Structure formats: C-alpha cells, structure tokens
Amino acid sequence: EYILGKGDKLKIIISNELPELNLIKVIDINGTIFLPQVKRIYIDGLTISELIKLLNKRYKEFVVKPEVEVEILKYRPISIYVDGEVNDPGLYLLKGENNSSEDNPLRFESNPNNNLSTDNQFFPTVFEALKKAGGITRNADLSEVKIYRKSSISNGGGQEEIKLNFLDLLTQGKVSSNIRLYDQDYIVIKKSMTSSLAQVSKAIKSNL
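Residues numbered from 1 in each chain as written. Predicted model: local features only at pLDDT ≥ 70, side-chain atom pairs only at ≥ 80, totals over all residues. Heavy atoms only, no water.

Lay out the overall build of the protein chain in plain terms, naming residues and giving numbers.
When you go through the protein chain residue by residue, the secondary structure sums to four helices and twelve strands. Sorting the 208 residues of the protein chain into buried and exposed places 46% on the buried side. Counting contacts in the protein chain only where the partners sit at least 6 residues apart, residues at least 24 apart contribute 57% of the total. A total of about 11300 Å² of accessible surface is found on the protein chain, and carbon and sulfur atoms cover 49% of it. (Helix = DSSP H or I, 4+ residues; strand = E, 2+ residues; numbered from the N terminus. Buried < 20%, exposed > 50% of the residue type's maximum accessible area, 1.4 Å probe, protein only. Contact = heavy atoms within 4.5 Å. Areas by Shrake-Rupley, 256 points an atom, 1.4 Å probe, with all protein chains shown as cover.)

Outline the pattern of salt bridges, supporting the account with residue identities and numerical values.
One pass over the full model with this rule turns up eight salt bridges. For K6, the salt bridge identified is with D44, shortest N-O distance 2.6 Å. With a gap of 38 residues between them, K6 in the segment before β1 (9-13) and D44 in the loop between β4 (39-42) and α1 (48-59) connect regions that are remote in the sequence. On the accessibility criterion, K6 (37% relative accessible area) is partly exposed. With relative accessibility at 17%, the residue D44 sits in the buried group. Put simply, D8, R76 and D183 are held in one network by salt bridges that share partners. (Salt bridge = Lys/Arg side-chain N within 4 Å of Asp/Glu carboxyl O.)

Which residues make up the sheet that holds strand β10 (residues 145-150), and what are the values?
Pairing is mixed across the open sheet formed by five strands, whose spatial order is β7-β6-β12-β10-β11. Either end of the sheet is taken by a strand with one partner, and the two such strands are β7 (90-94) and β11 (159-164). Strand after strand, the sheet turns through a mean of 25° between neighbouring axes, direction not considered. Two elements, strand β6 (residues 78-84) and strand β12 (residues 186-189), share four bridges in a ladder whose sense is parallel. Its bridge partner lying in β12, Y81 is registered against Y186. (Pairing = 2+ DSSP bridges. Axes fitted to C-alpha atoms, helices over the stretch in contact; angles between N-to-C directions.)

Which residues make up the pairing of β7, and what values go with them?
Direction of pairing for β6 relative to β7: antiparallel, over a ladder of five bridges. For I80, the partnering residue across the bridge sits in β7 and is Y92. The turn linking β6 back onto β7 is made up of five residues.

Please give an account of α1 that cites residues and values.
With twelve residues, α1 ought to run about 16 Å at 1.5 Å a step, and its terminal C-alpha atoms sit 16 Å apart, in line with that. Looking at the packing, one finds that the buried side of α1 touches β1, β3 (32-35), β4 and β5 (69-74). (Expected span 1.5 Å × (residues − 1).)

So what about the confidence of the model for the protein chain? Which residues, and what values?
With 82% of its residues at a pLDDT of at least 70, the protein chain reaches an overall mean of 84. Considering each helix and strand of the protein chain separately, the mean pLDDT is smallest for strand β8 (residues 117-118), with a value of 39, and largest for β6, with 97. Below a pLDDT of 50 lies the segment residues 101-120, which in the model reaches 43 contacts outside its immediate sequence neighbourhood of four places, other chains included. (pLDDT = per-residue confidence, 0-100.)

Can you lay out the environment of D183 for me, pointing to particular residues and giving the numbers?
For D183, the location among the structural elements is in the loop between α3 (167-172) and β12. It is 4.4 Å that separates the C-alpha atoms of D183 and I78, two residues lying 105 residues apart in sequence. Filtering out sequence-adjacent residues up to four positions away, D183 remains in contact with R76, P77, I78 and S79. At 2.8 Å, the side chain of D183 forms a polar contact with the backbone nitrogen of S79. (Polar contact = N/O pair within 3.5 Å; in protein donor to acceptor, adjacent residues only side chain to side chain.)

I'd love a proper account of the nonpolar core, names of residues and values included.
Within the largest apolar cluster, 25 residues are counted, with the highest numbers of intra-cluster contacts made by V82 and I187. Where this core is concerned, the elements lending two or more residues are β6, β7, α2 (126-132), β10, β11, α3 and β12. It is α2 that provides the largest number of residues to this core, a total of four residues. Ignoring anything within four residues of it in the chain, the contact list for I187 reads I80, Y81, V82, D83, A129, V145, K146, I147 and L181. (Core = buried A, V, L, I, M, F, W, Y, C linked by side-chain atoms within 4.5 Å.)

Can you explain the environment of A140? Please cite residues and give values.
Considering the arrangement of structural elements, one finds A140 in the loop between α2 and β10. Overall, A140 belongs to the buried group, its relative accessible area being 0%. C-alpha of A140 to C-alpha of I189: the two residues are 49 residues apart in sequence and 6.4 Å apart in space.

Structure, rendered in structure tokens:
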C-alpha cells in the first residue's frame, strides 16, 4: 500500500451524513495534519487504511458512527536511489504523479487495483528511474533488478525486497515488470557475469 508522507494532499470524509466535517489537508513538514475536533495528529508513515482506522477511533468521541474515507488528491514527489550498473547512479527526485504519458513510451492504463494508473493518472516507474540515472551500462543484468522498499507499519516496518525480471519488459513486452515506485525506494542493477549485448541492444531500442 502507498505510504503517506509530507506533502501529500488528502481529502478526508468523516461521515457522509455530516459534510461539514469534511476536510482537505496537506501533510505538513512535521508529518502532521490538524483536525478541529481531534487536534493535531501525526500520520507520516501510515497507509490509507491505517489512517482510516486511526480516525474512526478518534472520531468516536464526537460522532456516533464515523465512516471515514480518505482520498489522495495530490501525491508528493518521491525520492529514490538508483545504484549499480547505470551510467549516473545516485539520488533522484521524481514527480509523485503525472497526467501525461509523453515522457515514457512504456506507460499504460490499467485497473486501478494494481496501483499503476487511474483515469490517465500515471505514477513513476522503474523505467523512468533507469532513464533518470542515465540508462544502463553494457554490463547491466536486467534479469534480476532488486528494489528495497519501506514496509508499512501494519507489516512490521523495516524493508522488503522486490525482485524483477526487467528483461521481460524489453524482450517480451511484459509491462507488469515496470512497477510503480514509492518514496525511499532503493533500486539496484547488478553486474552481469556474461555478455549482455543482446539486452543492451533491446534497451537502446526502448530508449533506455
């Protein structure tokens, strides 16, 4: 699940029967939002479902049966680190969302449940990160791209490791390998132990 952070703009519905309680809030630099009834609360690091659970609990003091809904109106920029066999490894800032597919020919529309795009709203992907880092080197092994990602509090926090066969995207068009990136993702492209001229050729044709 998407993890909320500083700069995300939220629409918060406490109860459809009490529209006067509905709010639009931006998570501030301290990771908090201010709600008139429950005052200031820290929500940086929560998922939407975790925030809904928290607000339902807090608003029970003021509303007989709160039915909280939370929608992200605007996603904050994300900071990612690309390491290994790319031409310019380092820390990069990507837009949290984009309403255009012009910058990435591999973007696509899909079911909102897979967190890739919704109503022409596109999110940063692995492909964009590799392009931002100057593309891959001729020694890159795209058959096992690793992404180290921050886990939600519900999942125990810490980090999880994701492995992708990104070569499938270039050779077979499997766009499922081009997953959405999240804030603080750490992407590692390891060095190939064998010749990778074929995959480099595919990468060049894909403008990577």
